[in-house]
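Residues per chain are reported as follows:
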Amino acid sequence: MHSGPFGTQYKCCCVLLLAGLALLPATQTHGAYYVDDYEVGEVGSCSLESWVSFASNKDFMAITSPSCVVRIGVPVEIGSVIQRTRAGGEWASSAGFGGKVTLLPLTNGIGIGLSGEADWDLLSGASTGGNINVPVTFDLGHGLRLNVNGGWLYDATSKFNYATWGTGVEWTLTPMVALVAEVFGQAGPRGESVSITEPRFQTGIRFTPVSKLSVNLIYGRNLNGENANWLTLGFNIGFQAR
């Protein structure tokens, strides 16, 4: 697909990114939505994404995730995530680091990306795992896009490996309004709890009043594998680094 000096540089960058991230533990988020697309922004572009999620069983998540795109041979999106959660009455805090590149820009309606993420417990400093994800985007035209994800997740706490998957549809109705729906999950060792491996679901609306600001209102089901209903409110602010 790639040849010459640029192709060699591109492959080296991807190998180094994967090698570095494979040694790191993992976070589990791709913004307020879990299914990712292939795209990486322009070099120098940054964003701050934050969201809060409330569950019918009293569980809770509050997350903020800044990121910027830098050039390391090719454009690389580098970001972090800080998360505060309550599950089953127990509070936890975690932080993470991630990177993403575009392997194939949108060509004949198909784009492919590659991301890796890391996560650790803020209180103990212990690693909690690592993951790699391959998002594929299909541009179907008329403002409709299909995102398909496949990857791997390592849970350092249980020492289990999981295959991860997800499918999401984004329909841009107007420049200001888009509808999003997704289903995602993970397949683990035989005999793993159904609450861990059964599919999860989200659907919501994205409102973009100005080009650098978007707001999401999302309904979800079983986000943390507890068979609860979730309501998420999130926003994304974009800006250019100087």
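So, a few notes on the structure that sits alongside this text.

## Some thoughts on the overall build of the protein chain
- Check the secondary structure of the protein chain and you find two helices and twelve strands.
- Reading the protein chain from its N terminus to its C terminus gives the helix and strand order α-β-β-β-β-β-β-β-β-β-α-β-β-β.
- A total of 242 residues make up the protein chain; the buried ones form 40% of that total.
- Intrachain contacts of the protein chain at a sequence separation of at least 6 include 48% that bridge at least 24 residues.
- By element, 64% of the accessible surface of the protein chain is carried by carbon and sulfur atoms, the whole surface being about 12400 Å².

## Focus on the pattern of salt bridges
- One pass over the full model with this rule turns up five salt bridges.
- The shortest N-O distance in the salt bridge between D37 and K100 comes to 3.3 Å. Linking D37 in the loop between α1 (4–22) and β1 (45–55) with K100 in strand β4 (residues 90–107), this pair joins segments that are 63 residues apart in sequence.
- The class for K100 is buried, based on a relative accessible area of 6%.
- Between E170 and R206 there is a salt bridge, with the nearest N and O atoms lying 2.8 Å from each other.

## Points about the pairing of strand β2 (residues 60–72)
- Across nine bridges, β1 lies against β2 in antiparallel orientation. Across the sheet, L48 pairs through a bridge with P66, a residue of β2.
- Inspection of the sheet shows β2 paired to strand β3 (residues 74–87) by eleven bridges, in the antiparallel sense. Across the sheet, I63 pairs through a bridge with Q83, a residue of β3.
- Between β2 and β3, which pair antiparallel and follow one another directly, the connecting turn spans one residue, one of which, G73, has a positive phi of 85°.

## Notes on the nonpolar core
- Core analysis: the biggest nonpolar cluster contains 15 residues, and M61, I63, F184, L223 and W230 have the highest contact counts within it.
- Looking at this core, the elements with two or more residues in it are β1, β2 and β9 (177–187).
- Leaving out residues up to four positions away in the same chain, M61 has contacts with Y34, W51, V52, S53, R84, T85, L223, N224 and W230.

## Topic: a nonpolar patch on the surface
- Judged by side-chain polarity, W171, L173, L179, I205, L217, L231 and L233 come together as a nonpolar surface patch covering roughly 620 Å² of accessible area.
- Of all the secondary-structure elements, those providing two or more residues to the nonpolar patch are β8 (160–174) and β12 (229–240).

## Considering the sheet that holds strand β7 (residues 144–155)
- Pairing is antiparallel around the closed barrel formed by twelve strands, whose spatial order is β1-β2-β3-β4-β5-β6-β7-β8-β9-β10-β11-β12. Strand-to-strand, the axes of this sheet are offset by a mean angle of 20°, without reference to chain direction.

## Some points on the state of the cysteines
- Taken as a whole, this structure holds one disulfide when the rule is applied.
- Covalent S-S linkage joins C46 and C68, the inter-sulfur distance amounting to 2.0 Å. Judged by the sign of its S-S torsion, about 110°, the bond between C46 and C68 is right-handed. Remark: C68 occurs in strand β2 and C46 occurs in strand β1; sequence separation between them is 22 residues.
- Using a relative accessible area of 6% as the deciding quantity, one classes C46 as buried.
- For C68, a relative accessible area of 28% puts it in the partly exposed group.

## Points about unusual backbone geometry
- For K58, which is not glycine, the phi dihedral falls at a positive 80°.
- Among the structural elements, K58 can be located in the loop between β1 and β2.
- By relative accessible area, which is 63% here, K58 ends up exposed.
- One non-glycine residue with positive phi stands out, namely K159, at about 60°.

## Let's talk about the environment of E192
- Residue placement: E192 occurs in the loop between β9 and α2 (194–197).
- Spatially, the C-alpha atoms of E192 and F160 are 9.7 Å apart, while their sequence positions differ by 32 residues.
- Discounting chain neighbours no more than four positions away, the residues touching E192 are F160, Y162 and T197.

Calculation notes
Residues numbered from 1 in each chain as written. Predicted model: local features only at pLDDT ≥ 70, side-chain atom pairs only at ≥ 80, totals over all residues. Heavy atoms only, no water. Helix = DSSP H or I, 4+ residues; strand = E, 2+ residues; numbered from the N terminus. Buried < 20%, exposed > 50% of the residue type's maximum accessible area, 1.4 Å probe, protein only. Contact = heavy atoms within 4.5 Å. Areas by Shrake-Rupley, 256 points an atom, 1.4 Å probe, with all protein chains shown as cover. Salt bridge = Lys/Arg side-chain N within 4 Å of Asp/Glu carboxyl O. Pairing = 2+ DSSP bridges. Core = buried A, V, L, I, M, F, W, Y, C linked by side-chain atoms within 4.5 Å. Patch = residues over 30% accessible without salt bridge, like charges linked within 9 Å, V, L, I, M, F, W, Y side chains within 5 Å. Axes fitted to C-alpha atoms, helices over the stretch in contact; angles between N-to-C directions. Disulfide = S-S within 2.5 Å.

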